[in-house]
Amino acid sequence: MSIKLIKGGTVVGPTGAILADVLIDGETIAALYAPGRAPEVEETIDASGKLVIPGAVDAHTHMELPFGGTHASDTFDTGTKAAAIGGTTTIIDFAVQRTGEVIQDGLAAWHGKAEGNCHIDYAFHMIMGGVDDESLKAMDHLVASEGISSFKLFMAYPGVFYSDDGQILRAMQKARDNGAMIMMHAENGPAIDVLVRQALERGETDPIHHGLTRPQELEAEATSRAIWLASVAADCPLYIVHLSASKALDQVKNARDLGKNVFAETCPQYLYLTLEDQLGAPGFEGAKWVCSTPLRSKHETHRADLWQGLRTNDLSVVSTDHCPFCFKDQKELGLGDFSKIPNGIGSVEHRVDLLYQGVVDGKLSLSRWVETIATTPARMFGLFPKKGIIAPGSDADVVIYDPAGRTRISAETHHMNMDHSAWEGWEIDGRVDTVLSRGEVIASGGEYLGRAGRGQYVKRGLSDYLI
Ligand SMILES: [Zn+2]
């Protein structure tokens, strides 16, 4: 097994930054040394002037997800390659139990899509498309034997993934017993469907109406209801996905102030993009930014509140909710009817850079950057200390980040399987320089060296954050 030394860099972890050399033995990190104190080894990687951070963990991706009569355009091959190039070395994708399907069959289908195709390590959450006696029993089995310790439910999308409050409560009670985390898409779907119908009847068909028919009150109401249901289920651990709105954040804050096991993530699009500037782009162009929860108004305080929530840990994680659709033939399914536009934005390649821009802009500390993109997602979902930290014994998933570099985002140069970019023309003050996955250099200086099939499925344990 090869021995490597990453030399001269600044190692950044959740507790701060230190000057240290990182010794890698095979697939794992063997030791950290004070500068100049490491033994001589054959292979050295020069990290002078650069940041050495744990490989990022994206806890929310949807490769090949079937949605709205089509499917997300990235395969596990294209999506994990793009992730790797952008400094993400582990994804947690959502395996899907479709309504009427047995959970184990849905899981087997997801393993079938991913196995042999991933460039980086991967794990799964399970989407429950139907809560009943059988699927509740399957939850125990998945937690105990399949390395799946989190289950996603939907308060939105009636007729597709939707669970009613009784089903949600039953799944939460089960999770309370087996230690799993319930992840919630918190939007009031039945109420949204009424607003959508009314808008279409008025002839309002442009993409911006996707956002206008999903007001923040319906995200806040569902978030609050999920929190109360979890409380009734003896404080079952609850994780709100893709939180986008100030009023929803208030609900999470209140619950956390009461000491509840309530957590939330946000995504880069909610930190930077807006209802007016992107979703409201002229003609049909706004379709590129149709995602749920939707982008919020720039005339309200959402973006500032979300950045603050990241600093105060009311928001624990930044994930992408990577769910790419091409403009041609996919987003275009909603021409003349916004409700038929497939929901999703592709960002799996850009999260590390986009959040580093938050450090440059003075919105996030360096250590908090690493925490929200790598350490906390690993701890939240039972991957720690294998992933999410540079420490002896951990997997040698390492990103060497160049703060003096520059990244320009464009569909012409990105690696995701998309014909457009939600971030077209964006410039970032920083750049992923080198990426190691389990000790192997898979990207360096703009050159990609990895391959499909080297990524391994990782079985997860329970969340680190529960007492
Ligand atoms: Zn999602």
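Residues numbered from 1 in each chain as written. Predicted model: local features only at pLDDT ≥ 70, side-chain atom pairs only at ≥ 80, totals over all residues.

In the annotation of an unreviewed UniProt entry, the entry for the protein chain reads Dihydropyrimidinase, and the organism field reads Actinoplanes couchii. Under the UniProt heading Sequence similarities (unreviewed entry), the note attached to the protein chain is "Belongs to the metallo-dependent hydrolases superfamily. Hydantoinase/dihydropyrimidinase family." Annotation of the protein chain in UniProt includes, under Cofactor (unreviewed entry), the sentence "Zn(2+)". (UniProt positions renumbered as here; feature names shortened; annotations may be inferred.)

A. The sheet that holds strand E14 (residues 181-185), seen in detail. On the basis of which strands lie adjacent, the open sheet formed by eight strands has the order E8-E11-E12-E13-E14-E15-E16-E17 and parallel pairing. A strand with exactly one partner marks an edge of an open sheet, and here the two such strands are strand E8 (56-61) and strand E17 (317-318). Looking at chain direction, strand E13 (residues 150-154) and E14 are connected through five bridges and run parallel. Looking at the pairing, Ser150 lines up with Met181 of E14. Across the sheet, helix H12 (residues 351-360) touches E8, strand E11 (88-97) and E17, and the angle it forms with E8 is around 110 degrees. Docked against the sheet, helix H13 (residues 366-380) engages E8, strand E16 (262-266) and E17, running at close to 65 degrees with respect to E8. (Pairing = 2+ DSSP bridges. Helix = DSSP H or I, 4+ residues; strand = E, 2+ residues; numbered from the N terminus. Contact = placed C-beta atoms within 7 Å. Axes fitted to C-alpha atoms, helices over the stretch in contact; angles between N-to-C directions.)

B. How the structure looks around the environment of Ser231. Summarising the element assignment, Ser231 is placed in helix H7 (residues 216-232). Along the primary structure Ser231 and Gln173 are separated by 58 residues, whereas in three dimensions their C-alpha atoms are 10.0 Å apart.

C. Fine view of the domain arrangement of the protein chain. When cut into domains, the protein chain gives domain 1 (3-53 + 396-448) and domain 2 (55-380). A separation of 27 Å is found between the C-alpha centroids of domain 1 and domain 2. Between domain 1 and domain 2, the contact holds 31 residues from the first and 42 residues from the second. Of all the secondary structure elements, the ones that give two or more residues to the side of domain 1 that touches domain 2 are strand E2 (10-13), strand E3 (16-19), strand E18 (398-402), strand E21 (431-437) and strand E22 (440-444). (Domains from an automatic or database assignment.)

D. Structural detail: the packing of H12 against H13. Remark: H12 packs on H13, axes separated minimally by 9 Å, with the N-to-C direction vectors making an angle of 150 degrees. Considering the angle they form, H12 stands roughly antiparallel to H13. Both H12 and H13 take part in a crossing whose hand is right-handed. Contacts from Arg351, Val352, Leu355, Tyr356, Gly358 and Val359 in H12 reach Leu366, Trp369, Thr372 and Ile373 in H13. Here the residues of the contact of H12 with H13 are counted per class, giving seven nonpolar, two polar and one charged. (Parallel < 35°, antiparallel > 145°, perpendicular 65-115°, else oblique. Left-handed = near helix turned anticlockwise from the far one by under 90°. Nonpolar A, V, L, I, M, F, W, Y, C, P; charged D, E, K, R; others polar.)

E. Inspection of unusual backbone geometry at higher detail. Residue Thr293 is bonded to the preceding Ser292 through a cis peptide linkage, with omega at 0 degrees. Secondary-structure assignment places Thr293 in the loop between helix H10 (275-279) and helix H11 (302-312). Phe384 connects to Pro385 through a cis peptide bond whose omega is 5 degrees. Counting through the fold element by element, Pro385 comes out in the loop between H13 and E18. In this model, Ala234 sits at a positive phi of 55 degrees, which is unusual for a non-glycine residue. Of note, Ala234 is situated in the loop between H7 and strand E15 (238-240). The phi angle at His242 is positive, at roughly 30 degrees, despite the residue not being glycine. Here His242 is to be found in the loop between E15 and helix H8 (246-257).

F. A look at the environment of Gln357. Secondary-structure assignment places Gln357 in helix H12. Gln357 sits in the buried class, given 21 other C-beta atoms within 10 Å. Through-space distance from the C-alpha of Gln357 to that of Glu427 is 9.1 Å; in sequence the pair is 70 residues apart. (Buried ≥ 20, exposed ≤ 12 C-beta atoms within 10 Å, placed from the backbone.)

G. Molecular detail of the sheet that holds E2. If you walk across this open sheet you meet the seven strands as E3-E2-E7-E18-E21-E22-E23, and the pairing is mixed. Looking at the sheet topology across the chains shown, the edges are occupied by E3 and strand E23 (447-448). Of the pairings in the sheet, the one linking E22 to E23 comprises two bridges and is antiparallel in character. Residue pairing across strands places Ser444 opposite Glu447, the latter belonging to E23. Each of E21, E22 and E23 is contacted by helix H1 (residues 76-85), which is oriented at about 80 degrees to E22, the strand it contacts most.

H. Main features of the packing of helix H3 (residues 133-146) against helix H4 (residues 165-178). Running from N to C, H3 and H4 cross one another at 30 degrees; their axes reach a closest spacing of 10 Å. Viewed along their axes, H3 and H4 adopt a mutual orientation that is roughly parallel. Remark: the crossing between H3 and H4 carries right-handed chirality. Here H3 contributes Leu136, Met139, Asp140 and Val143 to the contact with H4, which in turn contributes Arg170, Ala171, Lys174 and Asn178.

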